[in-house]
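Descriptive structure summary
For reference, the chains in residue letters:
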Amino acid sequence: MFEPAVGSAVEAAIPLLLTGWIEYILENPDQFAVMLREHLQMVVIGVTAAIAVAVPAGIAATRHPTVGSAVMNMGAIAQTVPPLGVIALTFAFLGVGPRPAILALFLYGLLPILKNTVAGIQNVESAQVEAGRGMGMTSLQRLWRIELPLALPVIIAGIRTTIVLSVGIAYLGAFIGAGGLGQWIILGQQRYANEILLAGAIPGAILVILLDQAFGWLGARIGPTESSADDRTQTTVA
Amino acid sequence: MSHDTATETASNSIAFENVTKVYDDGTEAVTDVSFSVSSGETATLVGPSGCGKTTTMKMVNALVEPTTGTVSVDETPVSEYDPIELRRKVGYVIQDIGLFKHMTIEENVGIVPDIVGWSDDRIENRVTELLELVRLDDDVRTKYPQELSGGQQQRVGVARALAAEPEVMLMDEPFGALDPITREQLQNEFLDIQAGLDVTIVFVTHDIDEALKMGDKVAVLQDGELIQYDPPAELLRNPNNAFVESFLGEDRQLAQLQTVAVREVMGPANEAPTNDGGTPLSPDDTLRLAVQNWLRSETDVVPVVEDGTVVGSLSEVHIRSIFDGRSRAIEENHV
Ligand SMILES: Nc1ncnc2c1ncn2[C@@H]1O[C@H](COP(=O)(O)OP(=O)(O)O)[C@@H](O)[C@H]1O
Ligand SMILES: [Mg+2]
């Protein structure tokens, strides 16, 4: 289909494609700022709500095995409904605007956080918990002082997955008037203007990378220090 | 090591009465075990892996509930205590150390004082005191357990168990994971530490030499049953059965020499030669040292000297006496 000449024309257009979107953003800074804010707002509210529900639910699941499997099943079911489906369904009840989008983000965010909270707590070495018990800690003290701190890196990894997922899903918000960076995707498609499309898409990709990095760093900082054998110190006893 | 009999008048700090433990899966881990540990004494529980040592020990701090029988601490059945309160009063050195990985050494040592609500200042002072006691540099405070050597971690484990000034301490193979040299060093240091404390200890080990060294009394367990519970010297002298004998090992006579003082077997002073030429023995020397001196001595009888006066004599007959029934008669005459 593509003649060689056309192919090289595409190649020649690539630098243009890659710079055009920056210019578009610079030409429309106010609109960009509003969309970015709307986008982040959906993500932050959706993810915060998901954390607020999934972490306690995950903890509850580790305390009671029956509650545990019920909770995990619900989380898994929430995950199987396509995001657009959720938006379409809830849109009928919640109307136009950011609310159905936030609901979709919330439902999607649940499972990764839930799964990781449960796995993180379950994978805490039983010897550590037993030590706490032998020391006279109540079950709440064991949770706060041993299980949660030791599970935290895994829980944070779940939140990281949810955030990355949410930045992508939030693009759909534009279809139901919730705003966000998706608006430029729609606009770009309507006008066959790649630079507008990219001006909407690339900031989202950058956002994902930045958030992913930030959480990776946070997880490493919070986790128990895993020092290698060669920086062990030898003070009194060899 | 205080194998003296003076403590026997003290009250029983820990008592097991016909205690049996059957786990939910049907494993009978402990069968009809009865013994008691006097206040301030150390009892070592020894036996092969899986014989029920840990299970027995965990019934003292209510981590395991007996199926039948009663375990008492300070003359009160464990079942009548609030388990949380009891565990906070009983120091616990966990098998495989069990330091909290996400906490600094300081936080690890101070954990029990912290959960029972001591002030930060008091905890800090106590941690300083304990690190000194277990001979760790103060700069380990801010380190994490993984940054310490095995021996250092074990010291932290002991310090943590001592933190809230417990009257009873449970130690589950505390030095089990260490190399022999570090282990011996820690054993000796712990004996020193313990001599300065008024604490009743249950010490679990699978190493008979450690059991004999650390215990005022040694409980030998086999398949959940208590086969023998005696002071080390008595255990070596009169093993109850073939199992205990084989467990004590081929060299039990040598070990036995280590547990008896010259005073317990020596003969009258008038049998001592006036001029021996060798190093005189003290009545408190172990027989093991005495045998060494005796072998080096020119004469068959070695004088025993205390404060410059000859108080007894030691010959081959006296040394041999510990290996036959006569030793008891001799011991009774002297104690
Ligand atoms: N929680 C448990 N449930 C079932 N069986 C157990 C449990 N803990 C220990 N046992 C079993 O009880 C026996 C004694 O174990 P333990 O007291 O740990 O022995 P030791 O400390 O002497 O090695 C073993 O057969 C062990 O497998
Ligand atoms: Mg054990």
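Calculation notes
- Residues numbered from 1 in each chain as written.
- Chains lettered and ligands numbered in written order.
- Predicted model: local features only at pLDDT ≥ 70, side-chain atom pairs only at ≥ 80, totals over all residues.
- Heavy atoms only, no water.
- Contact = heavy atoms within 4.5 Å.
- Buried area = accessible area lost by both parts, 1.4 Å probe.
- Salt bridge = Lys/Arg side-chain N within 4 Å of Asp/Glu carboxyl O.
- Donors = N, O, S within 2.8 Å, 3.2 Å for Na, K, Ca; no water.
- Helix = DSSP H or I, 4+ residues; strand = E, 2+ residues; numbered from the N terminus.
- Pairing = 2+ DSSP bridges.
- UniProt positions renumbered as here; feature names shortened; annotations may be inferred.
- Near = heavy atom within 4 Å.
- Polar contact = N/O pair within 3.5 Å; in protein donor to acceptor, adjacent residues only side chain to side chain.
- Areas by Shrake-Rupley, 256 points an atom, 1.4 Å probe, with all protein chains shown as cover.
- Nonpolar A, V, L, I, M, F, W, Y, C, P; charged D, E, K, R; others polar.

Turning our eyes to something else, we now look at the interface of chain B and chain A. Accessible area lost when the parts come together is the quantity often used to give the size of an interface. Contacts between the two partners involve 34 residues from chain B and, on the opposite side, 26 residues from chain A. Counting the surface lost from both chain B and chain A, the interface buries some 2,800 Å², and carbon and sulfur atoms represent 53% of this. When the buried surface of chain B facing chain A is broken down by residue, Phe100, His102 and Gln146 of chain B rank first, second and third, together holding 20% of it. Joining chain B to chain A, the criterion identifies three salt bridges.

Bound to the magnesium ion (ligand 2) on the protein side are Thr54 of chain B (OG1) and Gln95 of chain B (OE1), at distances that span 2.0 to 2.8 Å. Note that Thr54 of chain B is positioned in helix α1 (residues 53-58) and Gln95 of chain B in the loop between β6 (90-93) and α3 (105-109), a separation of 41 residues in sequence.

A few words on the sheet that holds strand β1 (residues 12-22) of chain B. Residues and elements named next belong to chain B. Spatial strand order, β2-β1-β4-β5: four strands in an open sheet with antiparallel pairing. Two strands bound the open sheet, and with one partner strand each, they are β2 (28-38) and β5 (76-77). Of the pairings in the sheet, the one linking β1 to β2 comprises seven bridges and is antiparallel in character. Counted as the bridge partner of Asn12 is Ser38 from β2.

Bringing the UniProt feature "transmembrane region" (unreviewed entry) in chain A into the picture now. Residues and elements named next belong to chain A. Annotation from UniProt places "transmembrane region" (unreviewed entry) at residues 40-62, 74-96, 169-187 and 196-218. Within the segment residues 74-96, helix and strand shares are 83% and 0% respectively, and the terminal C-alpha atoms sit 26 Å apart. Structurally, residues 169-187 comprises 37% helix and 0% strand, and the distance from its first C-alpha atom to its last is 18 Å.

Moving on: the site of ligand 1. Residues and elements named next belong to chain B. Neighbouring ligand 1 are Tyr23, Asp25, Thr27, Ala29, Ser49, Gly50, Cys51, Gly52, Lys53, Thr54 and Thr55. Interatomic distance of 3.1 Å between a backbone N/O atom of Gly52 and an oxygen atom of ligand 1. Contact with the protein chains covers 62% of the free accessible surface of ligand 1, which is 560 Å². With three residues, α1 is the largest single contributor of residues to the shell around ligand 1. Taken together, the residues that form the shell around ligand 1 break down as three nonpolar, six polar and two charged.

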